[in-house]
Amino acid sequence: MRFSGFRVIKEALTGHKGWQPLWRNPDPKPAYDYVIVGGGGHGLATAYYLANTFRKARIAVLEKGWLGSGNIGRNTTIIRSNYGLPGNQPFYEFSMKLWEGLEQEFNFNAMVSQRGILNLIHTDAQRDAYRRRGNAMLFSGADAELLDRDRVRDMCPWLNFDNARFPIKGGLMQRRAGTARHDGVAWGYARGADRAGVDLIQNCEVTGFRIEEGRIRGVETSRGYIAAAKVGVAVAGSTSRVMEKAGLRLPIESHVLQAFVSEGLKPLIPGVITFGAGHFYVSQSDKGGLVFGGDIDGYNSYAQRGNMPVIEDVIEGGMALMPMIGRARLLRVWGGIMDMSMDGSPIIDRTPVEGLYLNAGWCYGGFKATPASGYSFAHLLATDTPHETARHFRLDRFARGHVIDEKGMGAQPNLH
Amino acid sequence: MTRLAGGLIDRTRTLSFTFDGRSYQGHPGDTLASALLANDVRLMGRSFKYHRPRGPIAAGSEEPNAMVELRRGARQEPNTRATVAELYEGLEASSQNRLGSLRFDLLAMNDLLSPFFAAGFYYKTFMWPRAFWEKLYEPIIRNAAGLGRLSMQADPDAYDKGYLHCDLLVIGAGAAGLSAALTAARAGAQVILAEEDFLLGGRLLAETHLLDEAPAGGWLAKVEAELAALPNVRIMRRTTVFGTFDHGIFGAVERVADHLPTPGNGVRQTLWRITARRSILAAGATERHIPFANNDRPGIMLAGALRSYANRWAACPGQKVAIFTNNDDGHRTALDLAAKGVEIAGVIDTRGSVSALGNYPVFVDSVVENTRGRLGLKSVTVRSGAKNFDLDCDVLGVSGGWNPNLHLASHHRARPVWNDTLHAFVPGENGPPGMTVAGAAMGQGSTAAAMTAGASAAVAAMEGLGLRAAMPELPRAEKADANLYPLWHVPGKGRAWVDFQNDVTVKDIRLANQENMRPVEHLKRWTTLGMATDQGKTANVTALAVMAELTGKSVAETGTTMFRPPYTGVSLGVLGGGDTGPHFRPRRLTPSHVWAAERGAVFIEVGPWMRAQYFPQAGETEWRQTVDREVLATRQGVGICDVTTLGKVDVQGRDATLFLDRLYANAMASLKVGMVRYGLMLREDGLAYDDGTCARLAEDEYVVTTTTAQAGPVFRHMEYARQCLWPELDVQLVSTTEAWAQFAVAGPNARALLQRVVDNFDLSNEAFPFMACAGLTVCGGLRARLFRISFSGELAYEIAVPSRYGNALMARLVEVGSDLGATPYGTEALGVMRIEKGHAAGNELNGQTTAQMLGMGRMVSAKKDAIGSVMSRREGLLAETRVLVGLQPVDPALPVVAGAHLFTEGDGHSTATDQGWITSACYSPHVGSAIGLGFLANGAMRMGEVVVAANPLQGGEVRVRVVSPHFVDPDGGRLRV
Amino acid sequence: MLIPHPLLGPRDAQEFTYLGDAALLARPDGMAEGALGAFIDYVYLRDNPAGVHRELWFHEQGDRSWLVVTRNTVTHEIIDAQLARDVALARKGAVA
């Protein structure tokens with residue numbers, strides 16, 4: 001069934017009797033050509049592109065919980081391609097271009113909204129760094145603008161310009177950036193994959209890998225053994241404990257990142273804003289909630305919940321930047337488990353086990369990467385060669401000394 | 001005005017307030033909702049999606065409907081629940097989320113179009129044409145969505161933050177909580193009793209039960225008096241414990257002044273972090289409704305809320321009341337209201353054999369099927385067995401049972417479990433350590449059970465703490481069973497609301513089931529169920545039960561519902577804690593700050609520090625003039641700069657030399673006493689970490705400096721190396737950054753100037769050569785340290801004195817050096833001179849660069865095992881060809897801009913052809929043009945080549961010549977004179 | 001969170017700075033044969049367990065002790081805290 005305004009009207013007039021399940025609930029088959037472990041955004045996108053773009057068949061996605069229950073279900077919905085390093089920027093710009101046609105392609109309104117991102121500048125050194133980054137964005141084919149203080153003030157007069165500890169001196173703007181409805185992205189990919197014949201299997205936890213002579217044969221699951229020629233793992237947050245079952249130790253730590261939403265408010269901020277002198281970034285959802293976040297709690301955790309110091313730190317940053325939000329209320333705070341990699345950048349690569357592929361290490365930037373990550377991982381699975389924009393995301397880059405460290409923090413995951 | 005008799009309001013005083021501009025009167029003790037209901041106002045809001053007219057359904061913090069914008073101007077507070085807003089004199093409130101008036105909201109047309117707005121409809125449309133989303137569809141949706149408005153003005157109120165510690169935190173001061181607090185308090189424990197309401201008592205305030213054959217008020221007063229008199233008890237009213245965190249830490253917000261017109265000189269709210277060794281969650285329960293068609297009209301309320309309004313606030317939202325119930329509790333409402341003289345139209349009971357508790361009609365085996373009344377209830381349609389009839393009533397109380405308020409017990413992700421006897425979720429295993437749940441929050445809903453459970457929980461908690469507690473003598477109280485027979489919704493054709501605020505109906509749940517959005521999380525996300533400001537307190541369980549019914553599964557199989565902090569919305573103002581505006585971060589001042597301020601210096605934020613950026617003089621109209629003057633004065637005479645912010649670490653001990661040799665990538669063991677060496681630290685991954693100087697003051701005593709930015713991290717790193725890596729070494733560290741004020745004294749006249757302040761110290765080049773260091777005295781006996789090091793490329797020293805003398809030394813140096821041209825300079829001139837000299841600073845040491853890139857690859861010693869040396873030899877690091885170069889514009893009139901990227905002339909400009917970037921740039925008065933430093937691929941081999949510095953971000957492109965990064969005195973002769 | 005400091009008693013975790021897995025105490029010998037491989041594992045690879053984890057915390061706003069804290073990464077329960085110096089010395093004693 002194709003979704004459209006016409007369809008919505010027709011169903012409204014006929015009692016909504018015609019709506020079909022968004023996807024089937026198939027039982028797992030004994031064998032597949034491709035098994036994707038993880039029904040989060042990246043896993044679903046991978047399956048979608050494998051089936052639709054690379055025209056592969058006999059594909060299953062195994063999800064231990066419900067579809068979209070990965071970090072796509074609990075992020076702050078920002079999409080952007082404003083990276084600085086050549087290993088990253090072309091990839092994220094590729095992702096942005098995929099976002100731009102995504103809804104029409106998979107026929108699902110994921111509310112991709114290009115209302116812009118504004119990274120505020122508070123020091124001269126920060127301006128230099130943002131200039132370097134903004135230029136790198138332009139050279140990769142993305143858009144970027146450097147705004148001075150007056151321009152920022154015209155755009156966001158309610159920011160704290162006159163009474164700030166760290167004055168706003170300008171900003172780096174990417175107008176094509178914005179937000180997308182995170183669950184909608186998962187559902188759009190899931191529905192698109194299902195329609196292309198992919199088996200989306202929920203409540204199916206992978207409990208082990210069957211590896212013979214260095215080659216993957218299949219996966220043990222809570223719903224029985226499933227044979228597979230190729231297995232792609234995209235389980236951010238759980239990567240270490242899943243890959244440990246294949247005997248791999250990884251350059252990843254799991255950390256908790258808290259995210260926040262306020263009660264619904266009439267529109268007050270246009271796009272995404274990031275504070276450059278504290279840990280705070282914010283956007284406003286179409287429903288009216290301020291969606292915001294800041295730093296990770298900073299200690300290894302699988303608990304999906306954080307603690308007070310970071311809650312206070314983030315909101316302190318928010319109040320320092322936008323003192324008019326003081327009368328709004330926090331509605332909900334939640335925690336997600338991030339695959340914090342050792343250089344802050346992801347991994348999309350083969351593993352030492354033949355036929356076993358890894359998509360991991362997204363830190364807290366995985367959401368915006370969903371389309372390109374899925375596309376690139378599908379490319380790798382289908383062709384055994386990395387997609388051009390993802391060729392730097394190698395697992396051996398740490399050993400070889402080709403890290404992609406945007407923040408320059410070195411091998412300490414909680415600083416990325 | 002409909003006031004009943006009795007209640008806990010103070011009728012001796014009258015408070016005036018306005019709602020949507022109209023004036024009303026109420027009494028102290030009223031909430032905004034109770035006062036409005038007493039004034040016959042029950043239309044208080046509009047729903048989120050369909051803009052349905054709404055009145056309150058509840059009497060507490062679970063309220064989904066009656067939300068208003070409270071106060072005016074900068075204090076305007078959107079989405080405030082009228083049911084918990086205490087009335088004060090002059091209160092101003094407005095309805096929200098409407099277009100037009102509350103009675104005639106133009107957006108109510110959404111209600112007529114509701115078939116088009118079924119669950120998830122927006123995922124299926126608004127996709128064509130693509131550009132219309134941002135331009136048309138989304139702006140319309142955004143403006144229609146949202147609830148209340150912010151004023152867009154800075155919050156004018158002050159907030160506070162505090163820390164409390166106790167043996168036992170009791171959350172909720174109802175029957176269970178008070179019994180628990182009393183038990184623990186008598187045992188001598190430090191007890192905190194937190195209650196979100198402004199009165200203690202919980203449901204006891206709303207019920208007419210007798211305790212020991214007397215009204216509950218007597219017992220409440222007695223207990224409250226005893227607790228208040230005990231020094232080990234802290235009673236916190238108006239305090240919501242909103243979150244359970246790790247290790248017995250709770251977040252709580254105390255609404256100190258929200259019940260007052262303004263906070264005056266005090267704070268509006270206080271954020272408390274309460275650390276409790278044990279906790280008892282006695283947060284009571286929330287009544288649930290039963291969805292039926294058009295169950296959302298003003299006048300339809302939870303039956304228990306009706307009781308609250310009648311008994312506590314002496315208010316009733318109408319004249320003729322019907323009750324719809326599936327349990328005995330509904331009958332109590334009928335009984336209580338009848339006792340207050342309210343006409344009871346009847347109790348519509350789903351159960352087959354029940355009898356009235358008093359004199360009112362009962363319709364057994366009956367349900368409410370539909371209702372009438374556009375802006376308020378007028379009648380209900382009852383189906384009784386096979387027949388239908390209309391029952392005139394303007395109030396309907398609905399009672400579907402009670403859901404335990406287990407929220408705080410699930411914040412650690414412990415799953416609530418379904419209890420088939422109670423027909424409710426109760427707190428599950430693996431709740432927060434140290435927490436016991438008692439009373440209605442555990443499903444122990446009768447007064448007697450709650451009291452016993454609270455006291456028993458306290459006894460057990462005390463035992464766990466090694467205290468002996470005795471069960472207190474508890475009053476005789478009711479222990480009735482509710483005899484609930486579950487009914488989760490009344491089947492029918494019309495829309496039956498489950499989540500009132502977000503307009504989620506049974507039909508939406510049915511559609512979610514039809515579209516395979518069955519897992520609880522899909523249901524919630526697809527329909528927005530439970531995502532409203534009440535977090536689904538009155539909706540989630542019912543929705544789950546409806547889904548269970550649709551799928552033919554049990555509720556337990558269908559899933560469970562967990563809650564996230566905060567329990568109720570908490571203002572961002574209080575969570576921000578008041579450390580905002582200029583107080584967002586501490587401000588560190590340099591020792592010469594006062595002197596510099598008197599000289600009219602312009603200051604700039606450098607991390608936590610405020611540093612003098614430059615010292616403008618009369619006649620200088622532009623900062624560049626000042627900076628150029630400071631640079632030239634330094635290079636021609638002598639300049640003085642406060643460099644205290646650079647980190648300083650004293651390193652002492654028998655093994656100090658060995659320790660430092662392992663810390664620095666370059667050789668340090670050969671450093672002689674009395675000498676200084678430049679030191680480069682790598683991270684263990686082999687990239688450059690920080691640089692500075694290492695001065696050997698004695699055989700076993702060093703002082704090392706770090707960059708300003710890395711002072712803290714490097715000290716931490718050194719302690720890590722000392723304690724974790726090489727604990728066997730005899731070495732001690734202390735950060736002395738703030739102990740010593742340090743000044744750079746630079747320029748050809750530096751020696752002459754210093755000679756005037758040192759006490760009998762030979763500064764001659766022979767006695768104190770370049771890179772020498774010494775302890776000495778200055779100004780007639782003041783302890784000091786002197787280092788002959790240079791960041792500017794000139795003959796230069798850094799002199800350190802105890803911090804409290806810093807301001808005086810700065811003044812003295814400038815004063816005694818006036819004939820030598822002594823000129824204070826700030827960070828701008830400092831930056832210009834270091835760029836001219838080609839010294840790396842923060843822009844070059846950005847954590848992405850290697851020693852090799854910085855031109856210091858050969859310094860990294862392969863003869864020792866220093867931190868980072870092994871990893872610096874990875875192939876990727878060795879293959880890096882970008883190195884630090886100087887850049888000078890071919891046309892000297894053109895600017896050089898940091899952040900521009902470098903390209904080979906003739907190449908296109910793209911990621912693939914990128915050759916490097918400019919890290920730092922300035923105008924060099926010494927060179928007479930702009931200059932820059934940058935990393936350039938194969939830079940060492942490209943001296944003299946012209947490359948393109950492209951800065952498309954600002955529309956610029958400049959041809960620059962690759963030169964040595966040392967623009968000043970490349971041989972270093974000036975340093976050594 | 002509260003960290004039971006072996007010298008100072010329970011302290012708020014906010015006073016501490018976190019580094020990571022206490023395996024970092026076992027720094028390889030940089031002069032040994034095959035040092036590069038050993039360092040690559042040491043610097044980059046982590047067990048990252050969902051469960052009991054020994055980790056390094058620095059009492060930055062306190063007494064400057066580095067601690068080895070044993071904590072469950074699923075429940076955040078803290079099982080033990082020792083001075084890193086003692087742990088490192090014991091380890092070196094055992095190694096020697």
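Along every chain, residues carry numbers that run from 1 in the direction the sequence is written. Lettering of chains starts at A and numbering of ligands starts at 1, both following the order in which they are written. Given that the model is predicted, a residue must reach a pLDDT of at least 70 before its local features are reported, and side-chain atom pairs must reach 80 or more before they are shown or counted; all residues, however, enter totals for whole chains, interfaces and linings. As a rule here, side-chain values cover all heavy atoms of the structure and leave hydrogens and water aside.

K.L.:
Is there a simple way to explain the interface of chain C and chain B in this structure?
P.N.:
Often the size quoted for an interface is simply the accessible area lost on bringing the parts together. Contacts are residue-level and defined by heavy atoms, with any inter-residue pair within 4.5 Å sufficient. Facing 35 residues of chain C, the contacting portion of chain B comprises 32 residues. Interface area, chain C with chain B, both sides summed: about 2,800 Å², of which 57% is carbon and sulfur. Looking at the side of chain C facing chain B, the largest losses of area belong to Arg27, Arg64 and Trp66 of chain C, adding up to 23% of the total buried there. Only one rule defines a salt bridge in this text: a Lys or Arg side-chain nitrogen within 4 Å of an Asp or Glu carboxyl oxygen. On inspection of chain C and its partner chain B, the count reaches six salt bridges. Accessible area that two parts lose when put together, evaluated with a 1.4 Å probe and summed over both, is termed the buried area.

K.L.:
I'm lost on the nonpolar core in this one. Help?
P.N.:
The nonpolar side chains of a soluble globular protein tend to be buried with one another. Buried residues of nine kinds, namely Ala, Val, Leu, Ile, Met, Phe, Trp, Tyr and Cys, make up a nonpolar core once their side-chain atoms join them within 4.5 Å. The buried label applies to any residue whose accessible area, calculated with a 1.4 Å probe on protein chains only, is under 20% of its type's maximum; exposed applies above 50%, and partly exposed to all values in between. In this structure, Tyr49 of chain A together with Leu32 of chain B are the most contacted members of the largest nonpolar core, which totals 155 residues. Only DSSP runs of H or I reaching four residues or more are called helices, and only runs of E reaching two or more are called strands; each is numbered from the N terminus. Here the element with the most residues in this core is helix H9 (residues 366-383) of chain A; it accounts for nine residues. These domain boundaries are the output of an automatic or database domain assignment. For this core, the two domains that each supply at least three residues are domain 1 (26-77 + 182-250 + 343-415) and domain 2 (111-179 + 253-341) of chain A. In contact with Leu32 of chain B, other than residues within four places in its own chain, are Phe17, Val68, Leu70, Ala82, Ala85, Leu87, Leu91 and Ala93 of chain B. Formed by 76 residues, the second largest nonpolar core is a distinct cluster that contains Val353 and Ala360 of chain A together with Val714 and Leu725 of chain B.

K.L.:
In this structure, what is going on with the interface of chain B and chain A? I would like to understand it.
P.N.:
The partner chain A presents 125 residues to the 125 residues of chain B that form the contact. Summed over both partners, the interface of chain B with chain A comes to about 10,300 Å²; 56% of that surface belongs to carbon and sulfur atoms. Contact with chain A buries surface across chain B, with Arg142, Leu572 and Leu953 of chain B losing the most and accounting together for 8% of the total. Our count for the chain B to chain A interface comes out at 14 salt bridges. Here Glu312 of chain A makes a salt bridge to Arg273 of chain B, at a shortest N to O gap of 3.1 Å. The term polar contact refers here to a pair of N or O atoms within 3.5 Å; inside protein, the definition further demands a hydrogen-donor-capable atom paired with an acceptor-capable atom, and it admits residues adjacent in sequence only when both atoms are side-chain atoms. Applying the counting rule to chain B against chain A returns 73 residue pairs in polar contact (both at pLDDT 80 or more). At seven residues, helix H3 (residues 132-144) of chain B tops the list of elements feeding residues into the side of chain B that touches chain A. Three residue categories are used. Nonpolar comprises Ala, Val, Leu, Ile, Met, Phe, Trp, Tyr, Cys and Pro, charged comprises Asp, Glu, Lys and Arg, and polar comprises the others, including Gly. Classifying every residue of the side of chain B that touches chain A by side-chain character gives 52 nonpolar, 40 polar and 33 charged. Two strands pair if DSSP finds at least two bridges between them. Two elements, strand E16 (residues 329-341) of chain A and strand E31 (residues 570-571) of chain B, share two bridges in a ladder whose sense is antiparallel. When the sheet's bridge partners are listed, Arg329 of chain A is paired in E31 of chain B with Ser571 of chain B.

K.L.:
Please clarify how the domain arrangement of chain A should be interpreted in this entry.
P.N.:
Residue and element names in this part refer to chain A. According to the domain assignment, chain A contains domain 1 (26-77 + 182-250 + 343-415) and domain 2 (111-179 + 253-341). Taken residue by residue, the interface counts 21 residues in domain 1 and 23 residues in domain 2. Contact between domain 1 and domain 2 buries roughly 1,900 Å² in total, counting both sides, with carbon and sulfur atoms accounting for 54%. For domain 1, the biggest contributors to the area lost against domain 2 are Thr76, Tyr364 and Pro413; these three give 33% of the whole.

K.L.:
Please explain H9 of chain A as it appears in this structure.
P.N.:
Side chains of residues three or four places apart in an α-helix project in the same direction, reflecting 3.6 residues per turn. All names here are of chain A. By definition, a residue's bend is the angle between the axes fitted to the seven residues ending there and the seven starting there. At Ala372, H9 shows its strongest bend, of approximately 45 degrees. By the criterion of burial, H9 is predominantly enclosed, with 17 of the 18 residues buried. Looking one or two places after H9, you find Asp384, whose phi comes out positive at around 65 degrees.

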